[in-house]
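Architecture and fold: a report
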Amino acid sequence: MDSPHLHIHADHGILNHAVATRLLQLARDAAKKRGSWHWALAGGSTPKSLYELLASEPYASQMPWERIHIWFGDERYVPADDPRSNYRMARETLLSKVPLADAQVHPIPVSGADAPGDAHDYAELMRDLLPAGGGDMPVLDAILLGLGPDGHTASLFPETPILQVRDTAAAAVYVPKLSAWRISVTIPVIEQARHVLFLAAGEEKAPITATLFGSDERPRSASRALPVQMINGRGEVEWHLDRRAAARLHRREQA
């Protein structure tokens, strides 16, 4: 959260085009410089229309798909064909519509029987296929993240033990308020990524963005940092908000 680049867009559609253009730039630059681009997708509702846009022209034919590896920032602990699955949403909106080989897509395993074990397997896969950064953590080229009204991102929810995990790239977490298990990359992995892009759209995100960036109606001080505030990215951190999500901010720079 140190000195992030804040971009405020007139609406969700313009936000999508701006982020799609940015991702295209990052992918092409990485393919030229390093030969590949390792990108972790976000789940939830906000990025769905972005993925549909990337699967359409002019973006689809310009992305260097043969150089791209797809990862996931988090996953609901449900079967891959469940409507709640982040992988299913990404597959239906993007992955099945572009030329990606199976070996280029790395979904989080969901056996249904052992969430901690599946998280361990994903952490090991990341260590095997990605370069190592500080603390021997794997380095993603880019990670796309959303923002929850409670300040969570990926599946890093307030007052859950995963927030303290620093020795592995992915972990399982039981979220009491959801009565459900999730698997998520950990804070150190997000911090090591070369580029971190947060997306927030809709008026329901206005209170939390005001808490993060300041507002005319000052939020009550919190005794504990929100999960998203615990992330200190070493790479480039960007925030992309639509006008409704940014409605309470002092800064009203429009992209």
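Residues numbered from 1 in each chain as written. Predicted model: local features only at pLDDT ≥ 70, side-chain atom pairs only at ≥ 80, totals over all residues. Heavy atoms only, no water.

1. Points about the sheet that holds strand 2 (residues 37-41)
Consider a sheet: its strands pair through backbone hydrogen bonds, and that pairing is either parallel or antiparallel. Strand order across the open sheet formed by six strands is 1-9-8-5-2-3, with parallel pairing between neighbours. Of all the strands in the sheet, the pair left with one neighbour each is strand 1 (5-9) and strand 3 (68-72). Adjacent strand axes in the sheet meet at a mean angle of 20°, parallel and antiparallel pairs treated alike. Judged from the five bridges that link them, strand 1 and strand 9 (residues 236-242) form a sheet pairing that is parallel. Bridge pairing links His5 to Glu238 in strand 9. Packed onto the sheet, helix 5 (residues 115-129) meets strand 2 and strand 3 and runs at close to 155° relative to strand 3. (Pairing = 2+ DSSP bridges. Helix = DSSP H or I, 4+ residues; strand = E, 2+ residues; numbered from the N terminus. Axes fitted to C-alpha atoms, helices over the stretch in contact; angles between N-to-C directions. Contact = heavy atoms within 4.5 Å.)

2. Section: the confidence of the model for the protein chain
Per-residue pLDDT for the protein chain has a mean of 93; in total, 93% of the residues score no lower than 70. Throughout residues 216-223 the model reports pLDDT below 50, and contacts reaching past four residues in sequence, or to other chains, amount to six contacts. (pLDDT = per-residue confidence, 0-100.)

3. Structural notes on the pairing of strand 7 (residues 180-185)
Of the pairings in the sheet, the one linking strand 4 (residues 74-76) to strand 7 comprises three bridges and is antiparallel in character. Residue Arg76 lies in a different strand from strand 7, and its bridge partner there is Arg182. Inspection of the sheet shows strand 6 (residues 170-175) paired to strand 7 by six bridges, in the antiparallel sense. Bridging from a neighbouring strand, Val173 pairs with Arg182 of strand 7.

4. With respect to the pairing of strand 8 (residues 195-200)
Within strand 8, six of the six residues are buried, which leaves the element mostly enclosed by the surrounding structure. Where burial is concerned, the two faces of strand 8 agree: the one with His195, Leu197 and Leu199 and the one with Val196, Phe198 and Ala200 are both buried. Two strands pair when backbone bridges link them, and strand 5 (residues 142-145) and strand 8 are joined in this way by four bridges, in the parallel orientation. Within strand 8, the position partnered with Ala142 by the bridge is His195. In this sheet, strand 9 lies alongside strand 8 in parallel orientation, the contact comprising six bridges. Within strand 9, the residue paired with Leu199 across the bridge is His240. (Buried < 20%, exposed > 50% of the residue type's maximum accessible area, 1.4 Å probe, protein only.)

5. A few points about the side chain of Asp242
For Asp242, the position within the fold is in strand 9. Contacts of Asp242, omitting those with residues within four sequence positions, involve Ile8, His9, Asp11, His12, Leu15, Ala200, Ala201 and Gly202.

6. With respect to the environment of Lys97
Note that Lys97 resides in the loop between helix 4 (86-93) and helix 5. For the pair formed by Lys97 and Tyr122, sequence separation is 25 residues and the distance between their alpha carbons is 25 Å. Ignoring sequence-local partners within four residues, the contact set of Lys97 consists of Ala55 and Glu92.

7. Thoughts on a negative patch on the surface
A surface patch of negative charge is lined by Asp114, Asp121, Glu124 and Asp128. Within the element layout of this structure, Asp121 appears in helix 5. (Patch = residues over 30% accessible without salt bridge, like charges linked within 9 Å, V, L, I, M, F, W, Y side chains within 5 Å. Areas by Shrake-Rupley, 256 points an atom, 1.4 Å probe, with all protein chains shown as cover. Salt bridge = Lys/Arg side-chain N within 4 Å of Asp/Glu carboxyl O. Lys, Arg positive; Asp, Glu negative; His and termini not counted. Charge placed at Lys NZ, Arg CZ, Asp CG, Glu CD.)

8. Focus: the environment of Val19
Tracing the backbone shows Val19 in helix 1 (residues 12-34). Judged by its relative accessible area of 0%, Val19 is buried. Spatially, the C-alpha atoms of Val19 and His152 are 21 Å apart, while their sequence positions differ by 133 residues. Every residue in contact with Val19, bar those within four places of it in the chain, is listed here: Leu50, Leu144, Leu197, Leu199 and His240.

9. Observations regarding the nonpolar core
Trp37 and Trp39 are the most contacted members of the largest nonpolar core, which totals 82 residues. The element best represented in this core is helix 1, accounting for eight residues. In contact with Trp39, not counting residues within four places along its chain, are Leu23, Tyr51, Leu54, His69, Ile70, Trp71, Leu94, Ala142 and Leu144. (Core = buried A, V, L, I, M, F, W, Y, C linked by side-chain atoms within 4.5 Å.)

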